Amino acid sequence: MQDLGILLEGRNLERLLYGLWVTLRISFASIAASIICGIIFGVIMTLRNRVLQAVCRIYLELVRVLPQLVLLFLAYFGLTRAFNINLSGETSAVLVFVVWGTAEMGDLVRSALISIPRHQYDSGYALGLSKADVYMSIILPQTVRRLIPLAINLATRMIKTTSLVVLIGVVEMLKVGQQIIEANRYTAPRAALWIYGAIFALYFLACFPMSLIAGRLERRWT
Amino acid sequence: MDIEFMINCLPMYVQAAWLTLRIASAGIALALGAGLICALVRSAKIPVASFIVSAYIELSRNTPLLVQLFLLYFGLPKAGVYLSSQMCAIIGLVFLGGSYMAEAFRSGLESVDKAQRESAESLGLTKFQTAIYVVLPQAISVSVPALAANVIFMIKETSVFSVVALADLMFVAKDLIGMYYKTNEALTLLVGFYLLILLPVSALAAWLERRVRYAGFGNPA
């Protein structure tokens, strides 16, 4: 337990929590934008337009097949060099996560939309409901129920992926942890174990409740 | 674009890709084994082991690989456990992937109809025979799409190995950017090599998914 006290010394814990806030800030901005863009993208993918479908497919596959870290490098180093667009680490992170999140969310929306059986539409029309009524009171409520647990899971994935931003120079939780360890190299040589352990625990505390809720909703609604 | 520079860099990238592939395949193989064992322990509801497996799955699924690697590589030596870079990478990848594979196998095991087990039992098959000849073949064929998706996921996750001082593709690209300021060339090669690795795997996964749809035994599709 030697050096465990380093966590409570000075403002160390507060600084770590601030790092977590940076991580969550990036995640939540990306998640919110991805959900909106993803819903639009998902609906576009269900349209029966060959060209549109092909374009969406290529975008989806390309963004999903590349590691997120590669996308971050492309935005952070590549954009600057190739197009002279200088983005801060945090901005390029949000940009990349929105581009990636839109693809993932869009695919979830698409699969939720096409999973509603044909007879649900037909029964609605047979009862004399208008197209708008069918969508608003029959299709959407069912789609949303299938979608919410999956969207929460995507959100936890995005929070976890946000840890990568330390590699493009954003000062978030891991970076703050490194700073604390470096600053106390002589007084607390074993700090690394506890600091990284604490970061591990904080990520778990951020993601676990969300996974739990997603699991509950999935069981209740399907 | 400096084509000559890119050609000169090719051997470095090939070597890095080879390293990524080696560690990824070791990690994936071990994760498949670990995942299957975890899923079987959970489905058999073995008292204490089941709980440990559940706890492991939640811990591993709710933390990023990057943080797991930091803890393994920088944290553990402070507790007297020294691991090489490669060991850290493989252990981290298995720790992460094992839980994803376990969940994939679990959904497969749950999809096997109860009547299948009961029929096997009434035919006089032992528990072991039931598992090997009846339950597992059906469960695994249902799990294949999820397993394939996990393989792609795990290969993508290997991109963070540069933080434990492994000279993987990201490491080489970053090195070239830092040393020569050849950002465009380095990033083009980086994307090219990742596509070269991941597109065939992704195509193979799509092909597998189409193929195993035929194997819907006893379950109306």
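Structure's up top.
Just so it is clear, the structure is predicted and the values come from calculations on it, not from any experiment.

A. Highlighting the interface of chain A and chain B. Chain A puts 35 residues into the contact, and the matching count from chain B is 35 residues. In total, chain A and chain B occlude about 3400 Å² of area from one another, counting both sides; carbon and sulfur atoms represent 76% of this. Summed over the three residues of chain A that lose the most area to chain B, namely Val65(A), Arg81(A) and Phe200(A), the buried surface amounts to 20% of that side. Across the contact surface, chain A and chain B share zero salt bridges. Across the chain A-chain B interface, the total number found is four residue pairs in polar contact (both at pLDDT 80 or more).

B. Quick peek at the pattern of salt bridges. For the coordinates displayed, the defined rule picks out eleven salt bridges over all chains. A salt bridge links Arg157(A) to Glu104(A); the shortest N-O distance between them is 3.2 Å. You can see Arg157(A) sitting in helix α6 (residues 131–161) and its partner Glu104(A) sitting in helix α4 (residues 89–114), a full 53 residues away along the chain. Across the pair Lys114(B) and Glu118(B) runs a salt bridge whose closest N-O atoms are separated by 3.7 Å. Of the two residues, Lys114(B) and Glu118(B) are both situated in helix α5 (residues 114–122); the distance of four residues between them amounts to about one turn of the helix. Look at Glu118(B) and you get partly exposed, because its relative accessible area is 42%.

C. Seen up close, the packing of helix α1 (residues 3–44) of chain B against helix α7 (residues 169–180) of chain B. All names here are of chain B. Where α1 meets α7, the axes come as close as 8 Å, and the angle between the chain directions of the two elements is 150 degrees. Between α1 and α7, the angle is such that the two are roughly antiparallel. Between α1 and α7 lies a crossing whose hand is right-handed. Here Phe5, Cys9, Met12, Tyr13, Ala16, Ala17 and Thr20 of α1 come into contact with α7, specifically with Leu169, Val172, Ala173, Leu176 and Tyr180. Split into classes, the residues belonging to the contact of α1 with α7 amount to eleven nonpolar, one polar and no charged.

D. Structural detail: the state of the cysteines. Tallying each qualifying case throughout the model produces zero disulfides over all chains. Just so you know, Cys37(A) is unpaired, no disulfide at all, and the nearest cysteine sulfur is the one on Cys56(A), 13 Å from it.

E. Here's a closer look at unusual backbone geometry. Residues and elements named next belong to chain B. The phi torsion at Lys45 lies on the positive side, around 55 degrees, for a residue other than glycine. Located in the positive-phi region is Ala165, a residue other than glycine, with phi close to 60 degrees. Tracing the sequence through the fold places Ala165 in the loop between α6 (127–157) and α7.

F. Highlighting the packing of helix α2 (residues 47–61) of chain B against helix α4 (residues 85–111) of chain B. Residues and elements named next belong to chain B. Relative to each other, α2 and α4 sit at 115 degrees, their axes nearing to 9 Å. α2 and α4 meet at a crossing whose hand is left-handed. Contacts between α2 and α4 involve Tyr56, Ile57, Ser60 and Arg61 from the former and Val94, Phe95, Leu96, Gly98, Ser99, Tyr100, Ala102 and Glu103 from the latter. For the contact of α2 with α4, a count of residues per class yields seven nonpolar, three polar and two charged.

How each quantity is defined
- Just so you know, the residues in each chain are numbered from 1, in the order the chain's sequence is written.
- In the order they appear in the text, chains get letters beginning with A and ligands get numbers beginning with 1.
- Given that the model is predicted, a residue must reach a pLDDT of at least 70 before its local features are reported, and side-chain atom pairs must reach 80 or more before they are shown or counted; all residues, however, enter totals for whole chains, interfaces and linings.
- Note that water and hydrogens are dropped before the side-chain values are worked out from all heavy atoms of the structure.
- Should any heavy atoms of two residues lie within 4.5 Å, those residues are counted as being in contact.
- The term buried area denotes the loss of accessible surface (1.4 Å probe radius) that occurs when two parts are joined, taken as the sum for both partners.
- Throughout this description, the term salt bridge denotes a Lys or Arg side-chain nitrogen within 4 Å of a carboxyl oxygen of Asp or Glu.
- Identification of polar contacts relies on pairs of N or O atoms within 3.5 Å, with a donor-acceptor requirement for protein atoms, meaning one able to donate a hydrogen and the other able to accept it, and with residues adjacent in sequence counted only if both atoms are side-chain atoms.
- Strands are runs of DSSP state E lasting at least two residues, helices are runs of H or I lasting at least four, and both sets are numbered from the N terminus onward.
- Think of it in three bands: residues with accessible area under 20% of the maximum for their type are buried, residues over 50% are exposed, and the middle band is partly exposed, with areas taken using a 1.4 Å probe on protein chains only.
- To obtain an axis, a line is fitted to C-alpha atoms, over the contacting stretch when the element is a helix, and the angle between two such axes runs from 0 to 180 degrees between their N-to-C directions.
- Geometric relationships in this document are graded by angle, where less than 35 degrees denotes roughly parallel, more than 145 denotes roughly antiparallel, 65 to 115 denotes roughly perpendicular, and other angles denote oblique.
- For a crossing to be left-handed, the near helix must be turned anticlockwise from the far one by less than a right angle; the clockwise case is right-handed.
- Just so you know the grouping, Ala, Val, Leu, Ile, Met, Phe, Trp, Tyr, Cys and Pro go in nonpolar, Asp, Glu, Lys and Arg go in charged, and all remaining residues, Gly too, go in polar.
- Any two cysteine sulfur atoms lying within 2.5 Å of each other are counted as a disulfide.

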